[in-house]
Amino acid sequence: MTAPPSPARTVAVVTLGCARNEVDSEELAGRLAAGGYELVDDAEGADAVLVNTCGFIESAKKDSVDAILAATDSGAEVVAVGCMAERYGSELAGALPEATVLGFDDYGAIGDRLDDVLSGRPLVPHTPRDRRTLLPISPVARTAAVTAAQAPAIPGHGWVQRRRMASGPTAALKLASGCDRRCAFCAIPTFRGSFVSRPPAEVLGEARWLAGQGVTELVLVSENSTSYGKDLGDLRSLERLLPQLAAVEGIARVRVAYLQPAELRPGLLEVIATTEGVAPYFDLSFQHSSPGLLRRMRRFGGTDDFLALVERARSLAPEAGFRTNVILGFPGETEDDVAELERFLTGARLDAVGVFGYSDEEGTEAVGLPGKLDRAEIDARVRRVTDLVEELTAQRAEERVGTRAEVLLTEDLSAEEGPGVWAGHAAHQDPDADGTTTVTGVPDGARPGQLVTAEVVGTEGVDLVATALAPVPAGR
């Protein structure tokens, strides 16, 4: 008599950090499913919990450690992967013996590694290394290197293994991984490696696959989207790719995230601002606007340059959306520097601004810089600029009253709010990071992922309230 098949081992995947990590988790989930694992939502009762960590700043690392410790309470075997695991390797494993720590090079065989963990076979955690050294310095020399047999693993580029873990109409799509910039405050290039673009045909293939999964809005992510194509020998690659992505059947809107102001070429700015099906949305990593302080950060530009950039975009797309992040308290920052940043924020009228306090990150140039500010002063500056930002972004939302917006519907609120009420986000709103738009008067038969044209009639902070005018024609 044949014995019944053994039940599949179960694994829950927990993701922290950015949209890039979400893509990595979906690739890992696909690999695990292909390896015979059953993916479950709840860690309770699972055989294993895979925690995809973030290692960007101190608060993110704390959240990652907390998530690992919380996962151990489930009684499952806990495996830590992701940026923090890659960045610290054996050091993290020594500090958290409750978890097995794996690096990026384990991703291709993640099912086998999980088998090892569940079978009690000991694994030696990796010793961290600077992943920038694993590929040629010259960007154009990397294309052949990344396809070589001994090429380093690049998470999120194995899209054919990807398995969606979310069900909404928006999905992140990786353009590239890694970064060649050397910002004084950032350690990301050391553990994510050098910048590597994905071939356009591969990006288009994944876009079509996502459309087949019910996705109607693509969010293009990377560490630096404005560098896309430089290692392929064509810095205009993204300008050509965006219209092709917008033309994919089933895709209503394409959005680009993570743009570097110093690399935003006029041609790319024009394509983002004017191409049908591409959101006129500029997620620009300004970080600060005081020219002198930016030089200390190993960055470029300043208030006047940045204001001119914003105005160029608005001249092409008056209702374009803008978001950024800024750092307060970088070593050597003066009151004049803060005032200069406030001048920029006031003049730019951005839609969303993340405000962060500087913290030392080991392995970065900024750790050794003089002029460190004490934590109380940094916190005070963060509060001061946060208060300003909240006022300015609310004012910017109010300026949109009376304008028209194309809103991508995400959730039917009719049961709670009354017939024809939906939640969604307009072209100037990132689906995860910015405000939302509530639309009333949506016709019967609407579905998540559909675009509707609406008139903005009110605001609630940065969130908008709008009245539907008409659905956007099919094909958009």
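All figures in this text were calculated on a predicted structure; none of them were measured in a lab.

### Topic: the nonpolar core
Core analysis: the biggest nonpolar cluster contains 70 residues, and Leu242 and Phe282 have the highest contact counts within it. It is helix α14 (residues 375–399) that contributes the most residues to this core, six residues altogether. With sequence-adjacent residues up to four places away left out, Phe282 is seen in contact with Leu259, Leu264, Leu269, Ile272, Ala273, Ala313, Ala320, Gly321, Phe322 and Arg323. Core analysis: the second largest hydrophobic core is formed by 19 residues, Tyr107, Ile110, Val117 and Ala187 among them.

### Describing the packing of aromatic side chains
One pass over the structure, following the stated rule, counts seven aromatic pairs. On the numbers, 5.4 Å between centres and 20 degrees between planes, the contact of Phe282 with Phe322 is stacked. Of this pair, Phe282 sits in strand β11 (residues 281–283) while Phe322 sits in strand β12 (residues 321–328); the two residues are 40 residues apart in sequence, bridging distant segments of the chain. Residues Phe306 and Phe344 carry aromatic rings whose centres are separated by 5.9 Å and whose planes lie at 70 degrees to one another, so their mutual orientation is edge-to-face. Note that Phe306 is positioned in helix α12 (residues 303–316) and Phe344 in helix α13 (residues 335–348), a separation of 38 residues in sequence. Note on Phe344: relative accessible area 0%, which makes it buried. Each member of the aromatic cluster is reached from another via a ring pair, and the members are Phe185, Phe330 and Tyr358.

### Things to note about the side chain of Thr10
Among the secondary structure elements, Thr10 is positioned in strand β1 (residues 10–15). What makes Thr10 buried here is its relative accessible area of 13%. The residues contacting Thr10, other than those within four sequence positions of it, are Glu38, Val40, Gly45, Ala46, Asp47 and Ala48.

### Let's talk about α13
The terminal C-alpha atoms of α13 lie 20 Å apart, and with 14 residues this matches the ideal 20 Å at 1.5 Å per residue to within 8%. Every buried residue of α13 is listed here: Asp337, Val338, Leu341, Glu342, Phe344, Leu345 and Ala348. Burial along α13 is one-sided: seen end-on, the buried residues are contained in an arc of 160 degrees. Against the buried residues of α13 lie α11 (291–296), α12, β12, β13 (352–357) and α14. Directly after α13, the chain includes Arg349, whose backbone phi takes a positive value near 55 degrees.

Scoring rules and cut-offs
- Residues numbered from 1 in each chain as written.
- Predicted model: local features only at pLDDT ≥ 70, side-chain atom pairs only at ≥ 80, totals over all residues.
- Heavy atoms only, no water.
- Core = buried A, V, L, I, M, F, W, Y, C linked by side-chain atoms within 4.5 Å.
- Buried < 20%, exposed > 50% of the residue type's maximum accessible area, 1.4 Å probe, protein only.
- Helix = DSSP H or I, 4+ residues; strand = E, 2+ residues; numbered from the N terminus.
- Contact = heavy atoms within 4.5 Å.
- Phe/Tyr/Trp six-rings, centres within 6.5 Å; stacked < 30°, edge-to-face > 60°.
- Expected span 1.5 Å × (residues − 1).
- Arc of directions from axis to C-beta.

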